[in-house]
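Chain by chain, the residues:
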Amino acid sequence: MLAFAGCYKPVNFPEIVSPLYLPPTVIPSRYYIVGRSVEGRPIMCLVLGQGPDTSFVMAAIHGNETAGIPLVRRLGNELRQNPELLNGRTIVLMSSANPDGVVRGTRYNAHGVDLNRNFEARNRVNSKETGLRALSEPETNTLQQIILKYAPDRIVTLHQPLACIDYDGPAQVLANHMGKYCDLPVKKVGARPGSLGSYAGVTQGIPIITFEMRESDSKLDSQSLWRRYGKALLAAVVYPEAVK
């Protein structure tokens, strides 16, 4: 885990860290620092492919829900090893949207704000816990920049511990498609005030999946997590194609 001390400093979006040069049969990976947390930790993105169909997959907007971190990283590895899946596609991967919360082992960021209640959704409520105004936090500003820059056709955000495939906006068909590839049931939980689901799905009309894994999944290693959920994530990014 990279850690940087000090106060938050704005980042000129996006800041290229370094490309990962791979054999010519594999589409190169592009790593970016797209923002920094309250405590100055980098928020990283891996961008694969350059096609018009765009997916944004992210994890750990709640810092104590960490099972998604190795899953997003493994998804990046699988796509690099199978470049034919990137034909016509751009995949944006963020393994940790709340790096301070991950280090602290808490749901919230370093300001004590629930980042998944801090968006410019029509149903948001201002409070100390949700932020005194929309986008008061550098982490949520970074996520909004990603959405505005890449205009994703779908978003998948990995959570715990509700053990279901929740959806907002026009995403029920996508949720049902992902549900064919794992044992999580499709369940409409409802758009929470100021959540990413409310902002992206309801306010912006972007299909968004809240992929709720089990609490116990944090104890699994990357390979076990991939066996359990990997095909469902692949199904999202290659939608509407089937996954072998």
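Please refer to the structure placed before this passage.
Residues numbered from 1 in each chain as written. Predicted model: local features only at pLDDT ≥ 70, side-chain atom pairs only at ≥ 80, totals over all residues. Heavy atoms only, no water.

Q: What am I meant to see in the packing of helix α4 (residues 172-179) against helix α6 (residues 222-237) here?
A: The relative placement of two packed helices comes down to the angle between their axes together with the axis-to-axis distance. Where α4 contacts α6, the two axes come as close as 8 Å, and the packing angle between them is 145°. Like other packed secondary-structure pairs, α4 and α6 cross with a definite hand, here right-handed. Across the interface between the two elements, Leu174, His177 and Met178 from α4 touch Ala232, Leu233, Ala235 and Ala236 from α6. Its residues placed into classes, the contact of α4 with α6 shows six nonpolar, one polar and no charged. (Axes fitted to C-alpha atoms, helices over the stretch in contact; angles between N-to-C directions. Helix = DSSP H or I, 4+ residues; strand = E, 2+ residues; numbered from the N terminus. Left-handed = near helix turned anticlockwise from the far one by under 90°. Contact = heavy atoms within 4.5 Å. Nonpolar A, V, L, I, M, F, W, Y, C, P; charged D, E, K, R; others polar.)

Q: I would appreciate a short explanation of the layout of surface pockets in the present structure.
A: It is the rolling of a water-molecule-sized probe over the atoms that shows where space remains empty. The volume enclosed by the second largest pocket comes to roughly 330 Å³. In this structure, the second largest pocket is lined by 16 residues; those nearest its centre are Leu85, Lys231, Leu234, Val243 and Lys244. Residue contributions to the lining of the second largest pocket peak at six residues, all from α6. Tallied by class, the residues present in the lining of the second largest pocket amount to seven nonpolar, two polar and seven charged. (1 Å grid on protein atoms, 1.4 Å probe; cavity = no way out; pocket = protein on both sides within 12 Å on 5 of 7 lines; lining within 4 Å. Points joined across faces, edges and corners; volume = space filled by probe spheres on them.)

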